[in-house]
Amino acid sequence: MQTKYYKKFTLGTEITEEQLNFFDEFGFIHFEDFLSTEDVDDIIKSTETLQHHWVINQVNQVNGIPIKYGYNEHGEKIVQRFPFTNLFSSEIQALLKHNSIQLLKSLMPGSRIGEQEKDGVVVNHYVNVPNSSYKQLGWHTDSARDIFYGKKVLPMLNVGLYFDDSSEDNGGLRVLPGTHKQNAFKMLFHKAYFLSKREDGGEILVNAKKGDLVIHDGRMWHRVGQSPYFGERSRRRVMYIPFVTGDYQPKNEKSKTPFYLKFQNLIG
Ligand SMILES: O=C(O)CCC(=O)C(=O)O
Ligand SMILES: [Fe+2]
């Protein structure tokens, strides 16, 4: 069990020197109580409406990014990875305009929210049941995807909003602090990309509550553990807002599925 302590913060009207230094040193930062339970519930509802629409209409991708389907503990078909939710949810669109989200750009000067880029705002839904397609996620860096795209690795942030409390009980995000400062070779080969799911002695478990915000540098190594429980107790939902840098690279309906996602689907 990982119980390593790390400092948690509260987001004010600006990012403090201490917060900047923490993020720079460790590659992640945790802000507690960012949204109320009610506000999170409104966002969750909007994704459930979207899920209903996608299931009924058998939509399989958005802008070339596959929608990952699976089944919940009641045998119902659910969406387990939603790409580009911001294009469909007015609640999520409103959140992106919020001052306290805009403020986070100062963690990575020159960054912008990738509303039409990468996979847009992604919602992940992990649940541990036999027919689930998403029970855990192996070690990876988000930036290594740029290498699969054949592009230079550019700094990016992933801003995670928690829809559920998250700890080792439902898997939990594990991060390797400081690894955002490694070179590109290590970024690719430090762990067998996505294949290794093992615990690492240096990992820190992110213990978050519904409504918390946990931000990580895209170059840092991280994984999501598998819950030892099944069904409802194993459920873990989290939304990621990408903050990107570099040339503007919008996607549209004609965009092709990136190679890395085909690869990811092969290995589960
Ligand atoms: O579920 C999480 O907290 C992390 C997800 C993740 O790392 C990813 O989708 O790249
Ligand atoms: Fe990731």
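Just so it is clear, the model here is predicted, and its values are computed rather than measured.

*Asks:* I keep staring at the overall build of the chain and nothing clicks. Help me out?
*Replies:* Across its full length, the chain holds seven helices and 14 strands. Per-residue burial over the chain gives 41% buried out of 268 residues. Considering only residue pairs separated by 6 or more positions, the chain has 83% of its internal contacts joining residues 24 or more positions apart.

*Asks:* What's the story with the pairing of strand 4 (residues 68-71) in this structure? I'm lost.
*Replies:* Moving residue by residue along a regular strand, the side chains alternate between the two faces of the sheet. Strand direction decides the pairing type here: strand 4 and strand 5 (residues 77-82), joined by four bridges, are antiparallel. Bridge pairing links Tyr71 to Lys77 in strand 5. Once strand 4 ends, the chain turns through five residues before running back antiparallel as strand 5, passing Gly75 with a positive phi of about 80°.

*Asks:* So what exactly am I meant to see when it comes to the environment of Thr85 here?
*Replies:* Mapped onto the fold, Thr85 is located in the loop between strand 5 and helix 3 (90-97). When the 25 C-beta atoms within 10 Å are taken as the criterion, Thr85 is described as buried. Setting aside its immediate chain neighbours within four residues, Thr85 contacts Thr47, Leu50, Ile92, Gly120, Val121 and Val123.

*Asks:* Sorry, what's going on with the sheet that holds strand 11 (residues 204-206) here?
*Replies:* Strand pairing within a sheet occurs via backbone hydrogen bonds; the two strands may be parallel or antiparallel. Read from one edge to the other, the open sheet built from four strands follows the order 8-13-10-11, with strand pairing classed as antiparallel. Two strands bound the open sheet, and with one partner strand each, they are strand 8 (137-140) and strand 11. Each neighbouring strand pair of the sheet contributes to a mean axis angle of 20°, computed without reference to strand direction. In the sheet, strand 8 pairs with strand 13 (residues 222-224) via two bridges, with the strands oriented antiparallel. When the sheet's bridge partners are listed, Leu137 is paired in strand 13 with Val224.

*Asks:* In this structure, what is going on with the site of ligand 1? I would like to understand it.
*Replies:* The full set of residues close to ligand 1 is Asn124, Leu137, Asp142, Gly160, Leu173, His222, Val224 and Val238. For the shell around ligand 1, the residue count by class is four nonpolar, three polar and one charged.

Conventions we followed
Residues numbered from 1 in each chain as written. Chains lettered and ligands numbered in written order. Predicted model: local features only at pLDDT ≥ 70, side-chain atom pairs only at ≥ 80, totals over all residues. Helix = DSSP H or I, 4+ residues; strand = E, 2+ residues; numbered from the N terminus. Buried ≥ 20, exposed ≤ 12 C-beta atoms within 10 Å, placed from the backbone. Contact = placed C-beta atoms within 7 Å. Pairing = 2+ DSSP bridges. Axes fitted to C-alpha atoms, helices over the stretch in contact; angles between N-to-C directions. Near = placed C-beta within 6 Å. Nonpolar A, V, L, I, M, F, W, Y, C, P; charged D, E, K, R; others polar.

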